[in-house]
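Structural characterization, general
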Amino acid sequence: MTRGTAVALACPSCSAPVVAGDLFCEACGHELPPTGVACPGCGAFQAVDGYCAACGLRQPAPRDHVELALPGIGVVTDKGHRHHHNEDSFAVAVADGVVLGVVCDGVSMSTRSDEASQTAVDAALAVLTQGGADGDLEAAFDAAQAAVLHVPVEPHPEKGPPSCTFLAGVVTDAAVRLALLGDCRAYWVGTGGDARQLTEDESWAAIEVRAGRLTAEEARGHPLAGTITRWLAVDADPAWRPALVSFTPPGPGHLLLVSDGLWAYTDEPADLVAAMGERTDAPLTIAQRLVTHALAGGGHDNITVLVTVLPLVATEPGSPPAIASAATPPPPSLATAPEPAGDTAP
Amino acid sequence: MSFTASTYQNEYLPAGAEEVHAVVTVTADAATVAAAATAKAVVLAVDTSGSMGHPPTKIQAARKAVAAAVAEIPDGTLFAVIVGSHEAACAYPWGGDALVVADDRTRAEAVEIAGRLEPSGGTAISTWLRLARFLFDPHPGAIKLAYLLTDGKNESEQRSVLEAELRACTDVFQCDARGVGDAWVVEELRLVTSSLLGEVDIIATPDEMDDDFRAFLTRALGKAVADVSLRVWAPQGAAVQFVRQVAPAIEDLTTKGVDGGPLTRDFPTGAWAGGESRDYHVSVSVPPGAVGEEKLAARVALVVDGQAGQSSLVRAIWTDDEALSTRINPQVAHYTGQTELADAIHEGLEARKAGDEARATIRLGRAVAIAHASGNEGTVRLLAKVVEVDDPASGTVRLRREVAALDEMALDTRSTRTVRVTKKG
């Protein structure tokens, strides 16, 4: 799903109004480009390299804002207010009794990091789906790192090679297994509103706080607060391995996988729970609320929120896994599947 | 031939800003060699006016240099030698009206004729260029380069005649120009080379002629592809403020643009050798977008035979984050400085000639400071022959009382040469 802007379309030849999808102008017969997608800035029909061929305006990219609902799952990713591309990405698979989720945050001070995060989530999910509930998180991490190396490196005076962080989860009703490199976070929110962060940020600020050199408050305001210490890239240290976390869900609740574009505005678990709103709502609704909360707070970074409801929604035994990512939405039959509303939520 | 282009810019603009600057570095694939079908044609146009005989070392050096250069022209290359005074004639082929193909016989004949060049008459450079144009004209697809040598002022014709001939020669051939000694006019030869995409330089003493002729030949024969253009697309409502080559030397291309299609101008850059790299500073003014909006301000690519290569994007992103919009791109800053350096030298020398010592001191001092700070050591050395440098960092200088005309002309001639950004460790 892409957030589009309603625009008046005009024939590039005679300026008569035309309808998106028309092949010819009704007024003058001018041939219209087959896509019929008009520039939101000037209404022209042609785009090259993602920019309008007439006024130069960058055309809305599909990944600027993506929303996705699968049974028991809601995901929203948004480019935020300050960044000009969404360099976050996610991939998710729902199979019988297991949810596999990957969230990667492209590093903004590197080139093509949107491609890095996308190829990383795709590669990791491909490995995880082979194992299902036994999905190998370390092998998924290795596949993601290998995939990032295939993103072409553009020489740039200030920016580094394509890079992203990594967070992957294998979720069943009995166990949550996580692998983390960088500063995405996993949270558990129980039915009573008890929330806890399951991962430890691999960032400069978090290290300083853990070492007692900075308070959490000082770290938040620090210019280096967003600096991560580990990432996937051609310049990643081979010794960097993902931190593995196992967690036994104490009962029904929500598992959240989020990028730092969210938690910058919900650093205290209580803030997070408050921003989720009514937790019996559909997971997509909760994800939307959280993203809206981050945008209202300033939206300084790309924001990704993946909400999984536990217990998991039962799917047809033996049915193939439903797979989707920020770049590849699920088939319409899945995307429009009825939301597992209040009956499955805690 | 393939070219790669990279853009260096700060794409972030404050709200309401229109001016976008970028440096685009273009490099030709090092493996590029001329296609077998690409002919190469060179013309040596040598001043044989009467002054070349005073002192006779000049004409003697010219004979030797022409002979040595001609002897090295490879088989198959088209060539001719023009002798120029207030009129022009083909010295080789003698009295001819067409280029000849180099082989053992033609080379030997040309070497023999070079030894018999005799000085007489005045100087009307347009006649030399006109003859070169007629010789080159029947070879539209070839790489066509001329080398023009003079020792004096273009005194036998009106300036307008030269200008008209240069307009006719544009797009027909490229021309390097050399002034030997100190009796020629830098500005006249710069007009020739700026119009014909060549470089101007000084040959201080006749004995340097030989090497310079051969260096030209090496440069000319190294070219692999002819008639390359820099294509600049800018969006509707935008205006290309300037397109300037900034490395290896400053050359303003803005007024040379020709229509290249919708919203597109093509700026001629001449012939390129494999591995050659040049930098261009492009400035575009675009209608400002809202904060958070991103526009493509320009798309820059090299065009050969109407085919555009990989394009480089110049972006504009409007932001209210001052930390982003106030960042200065090192490449853009560097070449803005190198352009100011050339202007400061030019203005300083003009002021010095006009007797305005205060202004000359200020401008040449500024030039010293920029050249020093940017690591342009060649220009620092040339400046130091015209001014006494007390403190290069601050540009504190004193005009020298006695300055050799040759030193002043060398500074003037080479003032547009730039250095590239020094890589920081």
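Residues numbered from 1 in each chain as written. Chains lettered and ligands numbered in written order. Predicted model: local features only at pLDDT ≥ 70, side-chain atom pairs only at ≥ 80, totals over all residues. Heavy atoms only, no water.

For chain A, the count of helices and strands is eight helices and 14 strands. Looking at the 346 residues of chain A, the share that counts as buried comes to 50%. Working note: accessible area of chain A is about 14,400 Å², and carbon and sulfur atoms make up 57% of it. (Helix = DSSP H or I, 4+ residues; strand = E, 2+ residues; numbered from the N terminus. Buried < 20%, exposed > 50% of the residue type's maximum accessible area, 1.4 Å probe, protein only. Areas by Shrake-Rupley, 256 points an atom, 1.4 Å probe, with all protein chains shown as cover.)

Turning next to the sheet that holds strand 9 (residues 185-190) of chain A. All names here are of chain A. Ordered in space as 3-4-13-12-9-10, the six strands form an open sheet in which the pairing is antiparallel. Unpaired on one side and paired on the other, strand 3 (65-70) and strand 10 (195-197) mark the two borders of the sheet. Within this sheet the neighbouring strands show an average axis-to-axis angle of 15°, counted without direction. Looking at chain direction, strand 3 and strand 4 (residues 73-78) are connected through six bridges and run antiparallel. Following the sheet pairing, Leu68 is matched in strand 4 by Val75. Each of strand 9, strand 10 and strand 12 (253-258) is contacted by helix 6 (residues 269-276), which is oriented at about 70° to strand 9, the strand it contacts most. Strand contacts of helix 7 (residues 283-296): strand 3, strand 4, strand 12 and strand 13 (303-310), with the helix running at about 25° to strand 4, the strand carrying the most contacts. (Pairing = 2+ DSSP bridges. Axes fitted to C-alpha atoms, helices over the stretch in contact; angles between N-to-C directions. Contact = heavy atoms within 4.5 Å.)

Burial of nonpolar side chains together is a common tendency in soluble globular proteins. Residues and elements named next belong to chain B. If you look at the biggest cluster of nonpolar residues, it comprises 54 residues, and the most contacted ones within it are Val43, Leu129, Phe136 and Phe173. Leaving out residues up to four positions away in the same chain, Leu129 has contacts with Leu148, Leu162, Glu165, Leu166, Cys169, Phe173, Cys175 and Leu196. Within the second largest apolar cluster, 37 residues are counted, among which are Ala67, Val83, Ala110 and Ile143. (Core = buried A, V, L, I, M, F, W, Y, C linked by side-chain atoms within 4.5 Å.)

Attention shifts here to the confidence of the model for chain B. With 97% of its residues at a pLDDT of 70 or more, chain B has an overall mean of 94. Model confidence for chain B, summarised as mean pLDDT per element, is weakest for strand 18 (residues 307-308) of chain B at 84 and strongest for helix 3 (residues 125-136) of chain B at 98. (pLDDT = per-residue confidence, 0-100.)

Here the focus is the environment of Ala314 of chain A. When you line up the elements, Ala314 of chain A lands in the loop between strand 13 and strand 14 (322-325). Spatially, the C-alpha atom of Ala314 of chain A lies 8.3 Å from that of Pro71 of chain A, the residues being 243 residues apart in sequence.

Frequently, the measure chosen for interface size is the accessible area removed from exposure when the parts meet. Contacts between the two partners involve 22 residues from chain B, matched on the other side by 15 residues from chain A. With both sides pooled, the region where chain B packs onto chain A buries about 1,500 Å², and carbon together with sulfur makes up 50% of that total. Our enumeration of links across chain B and chain A arrives at one salt bridge. For Asp320 of chain B, the salt bridge goes to Arg82 of chain A, with nearest N and O atoms at 3.7 Å. (Buried area = accessible area lost by both parts, 1.4 Å probe. Salt bridge = Lys/Arg side-chain N within 4 Å of Asp/Glu carboxyl O.)

We describe a pair of aromatic rings using the distance from one ring centre to the other and the angle between the two ring planes. Residues and elements named next belong to chain B. Tallying each qualifying case throughout the model produces eight aromatic pairs over all chains. Where Phe79 meets Tyr92, the ring centres are 5.7 Å apart and the plane angle is 15°; that geometry is what we call stacked. Here the residue Phe79 occupies a position in strand 5 (residues 78-84), and Tyr92 occupies one in strand 6 (residues 88-92), the gap between them amounting to 13 residues. An aromatic cluster is built from Tyr147, Phe213 and Phe216, whose rings are joined through pairwise contacts. Here the basic side chain of Arg133 rests over the ring of Phe134, its NZ or CZ set 5.3 Å away from the ring centre. Its guanidinium or amino end placed over the ring of Phe242, Arg244 lies 4.0 Å from that ring's centre, counting from NZ or CZ. (Phe/Tyr/Trp six-rings, centres within 6.5 Å; stacked < 30°, edge-to-face > 60°. Lys NZ or Arg CZ within 6 Å of the ring centre and 35° of its normal.)

All names here are of chain A. For helix 2 (residues 137-148), spanning twelve residues, the distance from its first C-alpha to its last is 17 Å, which sits close to the expected 16 Å at 1.5 Å a residue. All of the buried residues in helix 2 are Leu137, Ala140, Phe141, Ala144, Gln145, Ala147 and Val148. Taken down its axis, helix 2 places every buried residue within 160° of arc, on the same side. Check the buried side of helix 2 and you find it contacts helix 1 (113-131), strand 7 (166-171), strand 8 (176-181) and strand 11 (243-247). (Expected span 1.5 Å × (residues − 1). Arc of directions from axis to C-beta.)

With that settled, the discussion passes to the pattern of salt bridges. For the structure on display, the rule yields 45 salt bridges over all chains. Note that Glu202 of chain A and Arg230 of chain A form a salt bridge whose closest N and O atoms lie 4.0 Å from each other. Residue Glu202 of chain A is found in the loop between strand 10 and helix 3 (204-210), and its partner Arg230 of chain A is found in the loop between helix 4 (216-221) and strand 11; the two are separated by 28 residues along the sequence. Between Arg130 of chain B and Glu165 of chain B there is a salt bridge, and its shortest N-O distance comes to 3.4 Å. On the criterion of sequence distance, the pair formed by Arg130 of chain B in helix 3 and Glu165 of chain B in helix 4 (residues 159-169) is long-range, its members being 35 residues apart. Since its relative accessible area comes to 29%, Arg130 of chain B is described here as partly exposed. The structure contains a network of salt bridges with shared partners spanning Lys64, Glu72, Asp210, Asp211 and Arg214 of chain B.

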